Amino acid sequence: AAVNRGGIVAESQNFTRSLANEPANLLTPLKMAEAAQKMAAEFGLACDVLNQPKMEELGMGALLGVAQGSAEPPALIVIRYQPTEGGTGGTHLGLVGKGVTFDTGGISIKPAEGMEKMKYDMCGGAAMIGAMRAIAQLKPATRVSAFIPCVENMCGSRAQRPGDIVTAMNGTTIEVLNTDAEGRLILADALVYARQQGCTHLVDAATLTGAIVVALGHLNTGLFSNDDAMRDRVLAAAKAEGERLWPMPLDEDYKDYLKSAFADLGNIGGRWGGAVTAAMFLKQFVGETPWVHLDIAGTAYLDDAKPYAAKGPTGLPVRSLVRLATDWKA
């Protein structure tokens, strides 16, 4: 049984790594959705893809604002696993992953050096697809759904500008002070949608900030949470799987950094505490739902090979997410 489980999880982690390795001209948002649909069909999962008109109907202004600068249309992938019998006390675990298939930074354009690595900005979304691949085979008693907002952040003629104001699905207005802080915008709408779909607990993973790399390097993933019990569940799952997570602060005072003169929130909080303010931004969209945010910007891919991992995408945090679902007790 252990060998079988190990094989399933390893294959799913490698599936995630292979997806992340695809160049952005071949893995567009719609192609990422196709890959998810193919995986779901193979392993008996339900998979829906929300297109741009549907997102407009739902009022996902934060997500669509990021997508509008690209010729590639956006997609919101929804993958659902339903246990065959019973369930863990009505628990519905929601996994939300950032799926920016390429990130130029938009009008707030990134430096040219290293920009080729921005094909990896969908590693959080790829991890959720890989986790669902393993969950479908291991069949935990917990209901699990994954939500992967997929966009390309480009600086075309229709791209949003610094200073634009968008309205998220829950009615929150956001001043876009920096178009390169796009991941939190697409995650905001995805988190609201996940709650609307009945998720009782949430985990998101995203290559969200360079600030977390400054803080923790390439060894630990930053963990932020609004709920101690949920934080401890995720930490225990990660420890069992050997994936290193480090709890970070999320004091309410950090919200002051996100003040805007013209909207409910700014999408950045200035130079200091960038990873924390990004997490605080996301916190505004989860309400009272127990939630963990994993900033994998420093751990989603490696620039150099290690004795235990090849150069390139790592597939984190697939193992932790699978363990979280399979070990869940009400």
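In what follows, the structure referred to is the one given above.
Residues numbered from 1 in each chain as written. Predicted model: local features only at pLDDT ≥ 70, side-chain atom pairs only at ≥ 80, totals over all residues. Heavy atoms only, no water.

Visitor: Got a minute to help me understand the pattern of salt bridges in this structure?
Guide: Pairs can form between side chains of opposite charge once their charged atoms are near each other. Per the counting criterion, the structure on display carries 17 salt bridges. In this structure, R5 and E241 form a salt bridge, with 3.4 Å as the shortest nitrogen-oxygen distance. Taken together, the positions of R5 in helix 1 (residues 2-21) and E241 in helix 8 (residues 228-241) put the pair 236 residues apart, joining distant regions of the chain. For E241, a relative accessible area of 13% puts it in the buried group. For K98, the salt bridge identified is with D121, shortest N-O distance 3.0 Å. Of this pair, K98 sits in the loop between strand 3 (92-97) and strand 4 (99-103) while D121 sits in the loop between strand 4 and helix 5 (123-138), and the two are 23 residues apart along the sequence. Judged by relative accessible area, K98 falls into the buried class, the value being 2%. The exposure class assigned to D121 is buried, which follows from its relative accessible area of 5%. Through salt bridges that share partners, R5, E241, E243, R319, R323 and D327 make up one connected network. (Salt bridge = Lys/Arg side-chain N within 4 Å of Asp/Glu carboxyl O. Helix = DSSP H or I, 4+ residues; strand = E, 2+ residues; numbered from the N terminus. Buried < 20%, exposed > 50% of the residue type's maximum accessible area, 1.4 Å probe, protein only.)

Visitor: Honestly, the packing of aromatic side chains in this entry has me stumped. Any pointers?
Guide: Any pair of aromatic rings gets described here by the distance separating the centres and the angle formed by the planes. Taken as a whole and judged by the stated rule, the model has 4 aromatic pairs. Note on F147 and Y193: the rings are 6.0 Å apart at their centroids and 80° apart in plane angle, and the pair reads as edge-to-face. Here F147, found in strand 5 (residues 143-153), pairs with Y193, found in helix 6 (residues 183-196); they are 46 residues apart in sequence, far enough to count as distant. We note that F147, like Y193, is buried. Taking 5.3 Å as the distance between ring centres and 45° as the angle between the ring planes, the aromatic pair formed by F281 and F285 counts as tilted. (Phe/Tyr/Trp six-rings, centres within 6.5 Å; stacked < 30°, edge-to-face > 60°.)

Visitor: Honestly, the sheet that holds strand 6 (residues 165-167) in this entry has me stumped. Any pointers?
Guide: To summarise the sheet geometry, strands pair through backbone hydrogen bonds and adopt either a parallel or an antiparallel arrangement. Strand order in this open sheet of 3 strands is 6-7-11, and the pairing throughout is mixed. This sheet does not close on itself; its edge strands, each paired only once, are strand 6 and strand 11 (265-266). Pairing analysis gives 2 bridges linking strand 7 (residues 173-175) to strand 11, with the strands arranged parallel. Its bridge partner lying in strand 11, I174 is registered against L265. (Pairing = 2+ DSSP bridges.)

Visitor: Is there a simple way to think about the packing of helix 1 against helix 10 (residues 318-326) in this case?
Guide: Working note: a packed helix pair is described by the angle between its axes plus the distance between those axes. It is at 9 Å that the axes of helix 1 and helix 10 come closest, and there the two elements cross at 135°. By the angle between their directions, the pair helix 1 and helix 10 is classed as oblique. Handedness of the crossing formed by helix 1 with helix 10: right-handed. Across from R5, V9, Q13 and T16 in helix 1, the residues of helix 10 making contact are V318, R319, V322, R323 and T326. Of the residues that constitute the contact of helix 1 with helix 10, the class distribution is 3 nonpolar, 3 polar and 3 charged. (Axes fitted to C-alpha atoms, helices over the stretch in contact; angles between N-to-C directions. Parallel < 35°, antiparallel > 145°, perpendicular 65-115°, else oblique. Left-handed = near helix turned anticlockwise from the far one by under 90°. Contact = heavy atoms within 4.5 Å. Nonpolar A, V, L, I, M, F, W, Y, C, P; charged D, E, K, R; others polar.)

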